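What follows is each chain in one-letter form.
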There are 2 protein chains.
Amino acid sequence: MEVTRKNYKECLHTVYSAIEEADFLAIDGEFSGISDGPNVSALTNGLDTPEERYTKLKKHSMDFLLFQFGLCTFKYDQTKSKYIIKPFNFYIFPKPFNRTSPDIKFICQSSSIDFLASQGFDFNKVFCDGIPYLNQEEEAQLREQTEERRNQHANGVGTPSYISPSSSKGPSHVPEEHKDFINKVVEKVESLFSNDEKTLDLEPCTGFQRKLIYQTLNWKFPKGLHVETMETEKKERYIQVSKVDDEERKRREQQKLEKEQEELNDAVGFSRVIHAMSKSGKLVVGHNMLLDVMHTIHQFYCPLPEDLQDFKEVTMCVFPRLLDTKLMASTQPFKEMITNTSLAELEKQLKESPFKSPQVETAEGFPSYDTAQEQLHEAGYDAYITGLCFISMANYLGSFLTPPKAYISARSKLIEPFFNKLFLMRIIDIPYLNITGPDLQPKRDHVLYVTFPKEWKTSDLYQLFSAFGNIQVSWIDDTSAFVSLSQTDQVQIAMNTSRYAESYRIQTYAEYIQGKQQEKEKLSQTAKTWGEDGWVKSHYTSTTTTAGFGYPRMRKRSISPVQGDQGTKGADGWNQYSYQDGTGNKKMKTDGEQTNAVESKTSEGWLKTTDASDSAGSSPVPDERSPEGSVPGNDAEGTVTWQQAPAAHGRKGQKNKKKKSEAAESTTSLFEVPEVW
Amino acid sequence: MEVTRKNYKECLHTVYSAIEEADFLAIDGEFSGISDGPNVSALTNGLDTPEERYTKLKKHSMDFLLFQFGLCTFKYDQTKSKYIIKPFNFYIFPKPFNRTSPDIKFICQSSSIDFLASQGFDFNKVFCDGIPYLNQEEEAQLREQTEERRNQHANGVGTPSYISPSSSKGPSHVPEEHKDFINKVVEKVESLFSNDEKTLDLEPCTGFQRKLIYQTLNWKFPKGLHVETMETEKKERYIQVSKVDDEERKRREQQKLEKEQEELNDAVGFSRVIHAMSKSGKLVVGHNMLLDVMHTIHQFYCPLPEDLQDFKEVTMCVFPRLLDTKLMASTQPFKEMITNTSLAELEKQLKESPFKSPQVETAEGFPSYDTAQEQLHEAGYDAYITGLCFISMANYLGSFLTPPKAYISARSKLIEPFFNKLFLMRIIDIPYLNITGPDLQPKRDHVLYVTFPKEWKTSDLYQLFSAFGNIQVSWIDDTSAFVSLSQTDQVQIAMNTSRYAESYRIQTYAEYIQGKQQEKEKLSQTAKTWGEDGWVKSHYTSTTTTAGFGYPRMRKRSISPVQGDQGTKGADGWNQYSYQDGTGNKKMKTDGEQTNAVESKTSEGWLKTTDASDSAGSSPVPDERSPEGSVPGNDAEGTVTWQQAPAAHGRKGQKNKKKKSEAAESTTSLFEVPEVW
């Protein structure tokens, strides 16, 4: 269902009830751009920390507009054994509500716009008919302003509470230069009382004069008048004075109040849908959804906080349960079976055995999507497809139960390991952002931080480190990069060799991080200890509460941070990831070819790795012996039998050696010379 | 005629010939926004210097997109005694040409977008079908890249000039890791020669590999092959090798060359129209055209220079003759008769006596505009209306000739005084930016520069200066403003009084300017002397040439900078301007009401002053006794009789006293309290 400003109000209750009845919600957003940085490598470095990545996305992506929001609600019908779906496609535009509301500026990126245009995107629906919105602060401000104006204008209502402290209750002070003007107004109003006219239109005047008129008339004629500000066709404001009896006056006041209230709600606009989703506490599914979540919060709740930890808190307030299908598909047991996790490809693969296309039916009154006739990159359709992918994968998990189950509900414990972990694009060793806990902190003691003259290219770095075998280069900026060595014990050799270098400088990763932290001058850092398995175990305590959200805080989750089999990390901390796309080791600025397509989040086919989520892939699977409890129907699940990897932390199994050698086979493709021609 | 990417190529020659045959060109632009500053007062201060204003516009307006360009060509038909017009409405969008072309980001301002939407603007025509463009540097880069690629790929053409120095002429060096790959390719090509196939499609590979293939095949098989890079549906690049005889190979090379050339021209796109306008040297008419000119140069020529003087030079290179109808309408003899110089109002007033609606006819094949059915804010229509206004005003000047003339050509000396003076919005005492000479530099020795705590509002300043009678406040930022006193001799009193002030600080305007210039640490300033008449006479010499423009530099104009009757400046340098809109003396940030409408250039009705161009209004009129020379037909003009103001510089006539007292009558409205309610 397409929803614009034109049909928004009549649709709102349909949206509300769809959310209310749903088992889970799938979402997708389309933006006016992805990155305002010079190129994508400025935005993503394969060795970004989650903090760095968050900061970059916040800095380089939030000035774009989320202008199409797809919501598809999924409700399981037990009798039909299928999902009933209600897809919505909202067009969003920050149309200024009035002269006091913010005049939003947003950036458009030509390549993104052009891409959407090529997909048949209707920009007029956004710019002409987009639904407005306010974030929480803007909404509060507007309500306050309305309240204030109401108090100032309160004429004859009589209840002192309606008169704000600032408005005088006696005769207001009229500055000398306005006395003539005000006296004339009073004369006119007096003559209104003595003639047959019902209303009197005063000349357009300034806001200050209008204030004086309100105050004076309110004091001089406490009864029998209704005073209202009107606008001429030329948008000049003037005051209309009407003779009214007491009842009429009250009726008009009431009308005005209701109208104001309605206008306010209209201004809050699309944010009300997000509020409803949030309040419902339902599982929200998205594909590669970090940017969607960031934009949604940024536009409809509050400007994103500086700090990643604060962002996580806010996110949990707004969306207490998130699931990213891209992360799910890149995780065990799916990652071995799914070669391409882009939404379009994922959807295709999940139609094939051993997966099953879910049975779905579009609810009556909703136009039905046809997956054969792809409408990708329409947010509503993408949300729908994302929901299908989630169902297929969830149901597949059911096949491991004894006895196998064909339907796994959105409330099943089977899917909880995937909750609140948002896929991180192109980070070599951290597959996801963990919203409800500390992030994975892989050892990076085989990584060097190298600075050099800006003329250097990737080949110069390969040259420099040619003695160390395979290396992996992750550009940071023009004059620095991370170089990952294949052997940690080579680090010291490299450091020693570089001691007398003049043109370049080498630091260990630890030194680099230390330097950055010193720069930040952060006073209190959470104590961290290196675990045996190479992940840092933070003392994670989430005690701070982000104020300003009236939505239920997430109840403490019982899921501990996923710290699975770290077997694929060898003793030297080295692990091979095969990025078929060379972005990680490619200096974008030197190649004369901007990979516009790559920059576009919507064409995410570029990330062909299935290894990036290695560590997540070996997440421990929670004990599934207990039945699902609150789920209606006979939904108890048997023993889980699909645990391929042992759940013990930090254990280095025999399997790993095989994995490692497999990985080694593919290393040559890692060090491909960048596509500069 | 609507022109989009779809019909652009077939229209281009129609556009060229319309420009070629025209007597003058009228233009208008629509933008995605006006100001990215917090509010309009940040962009315009009533006492900005031209340099400051230019810098602000450059900083706060150039990131918007000029996305609709209106061009209306006017050609006078002697036999019909009417103008034949050809209106064009171009939709512009920086669609990336290929992966190497810049991925432009631009800002959209909600209020501007919403305004255009309300006027029925078709955004899909911009974003889906907009004509691309390149500025001069981007065009040069692209041509260079194409040339380089052509040289690199030159296979078998044989002429050494086709091979760039960088490409090896012998066997190219194939890195160890690619040797296998290249050998296999060579094997495949060899077998192509021995089988019946005509073409061979290689596997998609990297750019570096493609380069190696080109080099190797070129060396191994100098004859009999055509090698070309193709793209799969998935945008993967691969190489196609075809067996060809010599003739076929040459034909293909030629085809490829022509195709590349055409693609290049397509990429230059809309810039070609601007180039044609520029080359023609025709008079270009616009209404309030400073932003149009800035955007046009910025988008289609080069990023705007830092310095105003350089901007003037560039402008003269691109548009050697400009005329701003808003400036013309605010100047003698029109300013007394025209109360509102907004385009829509101007057009209406110029239909009434003593003006005459010009006789125009739309050329065959062009859809005709109906001025009764207003289509304002479509750039093509606005350009058309602007041209009509120009004709009406120009013809009106003819009525002062003896004998009167009904038709005044665009080449008439009568209109030369209005050339190259672009209207400056809301500067109290500088009506225009003088593109071909030094700008007016009014005495501002009655002006104080005041700094104060950011809590201060306009009323605090009135309070502070209450002893000095009428003052005028021009906000600079949160903590500073200009305060204009009505008497210059009060300046010293104010300075003395403020000596012991703690919360605020007062400087004279001269001190302020000195401070700013010291900040700038500009080394060589042109020597300036104060003239008796209060204008600075700069030693203006335009010797520097902006490189990079292949277009004819303007021939030295014989028009000296307009320095007319300065009579309206009283002995104290004080002059009253009645701004009906209070922006000049209103602190935007404190009032909670952003005047969005005001910020929009397209809704320019806000500027109701007819006094802002006071000084320009008394421009000396050049001697009109000489016939027009090159104009075909009997176009000689008689003695000018409409000179109302004496042309002598600096003379203070009796008339001024009357003017001054008239102005004084209107001062109360100047000091209105800002509209904060």
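Residues numbered from 1 in each chain as written. Chains lettered and ligands numbered in written order. Predicted model: local features only at pLDDT ≥ 70, side-chain atom pairs only at ≥ 80, totals over all residues. Heavy atoms only, no water.

Examining the environment of Leu440(B)
All names here are of chain B. Along the chain, Leu440 falls in the loop between strand 14 (432-434) and strand 15 (447-451). Overall, Leu440 belongs to the buried group, its relative accessible area being 7%. Here the alpha-carbon distance between Leu440 and Ser342, two residues 98 residues apart in the chain, equals 23 Å. (Helix = DSSP H or I, 4+ residues; strand = E, 2+ residues; numbered from the N terminus. Buried < 20%, exposed > 50% of the residue type's maximum accessible area, 1.4 Å probe, protein only.)

Some details on the packing of aromatic side chains
Across all of its chains, the model carries 81 aromatic pairs over all chains by this definition. For the pair Tyr509(A) and Tyr512(A), a centre-to-centre distance of 6.1 Å together with 45° between the ring planes defines the contact as tilted. On the criterion of helical spacing, the pair formed by Tyr509(A) and Tyr512(A) is a turn pair, its members being three residues apart in helix 18 (residues 509-520). Accessibility assignment for this pair places Tyr509(A) and Tyr512(A) in one class, buried. Judged by centre distance (5.2 Å) and plane angle (90°), the ring pair of Tyr396(B) and Phe400(B) falls under edge-to-face. We classify Tyr396(B) as buried; its relative accessible area is 13%. Geometry around Phe423(A) places Lys326(A) over its ring, the cationic atom sitting 5.3 Å from the centre. (Phe/Tyr/Trp six-rings, centres within 6.5 Å; stacked < 30°, edge-to-face > 60°. Lys NZ or Arg CZ within 6 Å of the ring centre and 35° of its normal.)

Comments concerning the pairing of strand 15 of chain B
Residues and elements named next belong to chain B. Summarising burial for strand 15: four of the five residues are buried, a large majority. One ladder, built from four bridges, connects strand 15 with strand 18 (residues 505-508); its direction is antiparallel. Bridging from a neighbouring strand, Val450 pairs with Ile506 of strand 18. (Pairing = 2+ DSSP bridges.)

So, the pairing of strand 15 (residues 447-451) of chain A
Here strand 15 of chain A runs beside strand 17 (residues 480-485) of chain A; their pairing, made up of five bridges, is antiparallel. By the bridge assignment, Val450(A) is partnered in strand 17 of chain A with Ala481(A).

Here we look at the sheet that holds strand 6 (residues 199-201) of chain B
Residue and element names in this part refer to chain B. Ordered by their spatial adjacency, three strands build an open sheet running 6-8-7, and the pairing between neighbours is antiparallel. Lying at the two open borders of the sheet, with one neighbouring strand each, are strand 6 and strand 7 (225-231). Taking each pair of neighbouring strands and ignoring which way they run, the sheet shows an average axis angle of 20°. Alignment of strand 6 against strand 8 (residues 237-243), held across three bridges, turns out to be antiparallel. Counterpart to Leu200 in the pairing with strand 8 is Val241. Contacting strand 7 and strand 8, helix 9 (residues 246-268) crosses the sheet at an angle of about 35° to strand 7. (Axes fitted to C-alpha atoms, helices over the stretch in contact; angles between N-to-C directions. Contact = heavy atoms within 4.5 Å.)

Concerning the environment of Gln490(B)
All names here are of chain B. Within the secondary structure, Gln490 sits in helix 17 (residues 490-497). For the pair Gln490 and His377, spaced 113 residues apart in the sequence, the C-alpha separation amounts to 46 Å. Leave out the neighbours within four places in its chain, and Gln490 touches Phe468 and Leu485.

A look at the side chain of Gln68(B)
All names here are of chain B. For Gln68, the position within the fold is in strand 3 (residues 66-77). Looking at Gln68, its side chain comes within polar contact range of the side chain of Tyr91, at 3.4 Å. Within the local environment of Gln68, its side chain forms a polar contact with the backbone nitrogen of Ala379, the two atoms lying 3.1 Å apart. Apart from residues lying up to four places away in sequence, Gln68 is in contact with Asp28, Gly29, Glu30, Asn89, Phe90, Tyr91, Ile92, Phe121, His377, Glu378 and Ala379. (Polar contact = N/O pair within 3.5 Å; in protein donor to acceptor, adjacent residues only side chain to side chain.)

Focus on helix 10 (residues 271-280) of chain A
Residues and elements named next belong to chain A. The element helix 10 is extensively covered by neighbouring structure, given that seven of its 10 residues are classed as buried. When we look at burial in helix 10, the residues that qualify are Ser271, Val273, Ile274, His275, Ala276, Met277 and Ser278. Backbone geometry just downstream of helix 10 places Gly281 in the positive-phi region, at approximately 70°.

Observations regarding the sheet that holds strand 15 of chain A
All names here are of chain A. Ordered in space as 16-17-15-18, the four strands form an open sheet in which the pairing is antiparallel. The open sheet has two edge strands, strand 16 (471-477) and strand 18 (505-508), and neither has a second partner. Taking each pair of neighbouring strands and ignoring which way they run, the sheet shows an average axis angle of 25°. Relative to strand 17, strand 16 runs antiparallel, the two sharing six bridges. Note that in strand 17 the partner of Ile471 across the bridge is Leu485. Packing against the sheet, helix 17 (residues 490-497) makes contact with strand 15, strand 17 and strand 18, and its axis sits at approximately 150° to strand 18. Contacts from helix 18 reach strand 15, strand 17 and strand 18, with the element oriented near 90° to strand 18.

Honestly, that's just the spatial picture; any functional story needs more than this.
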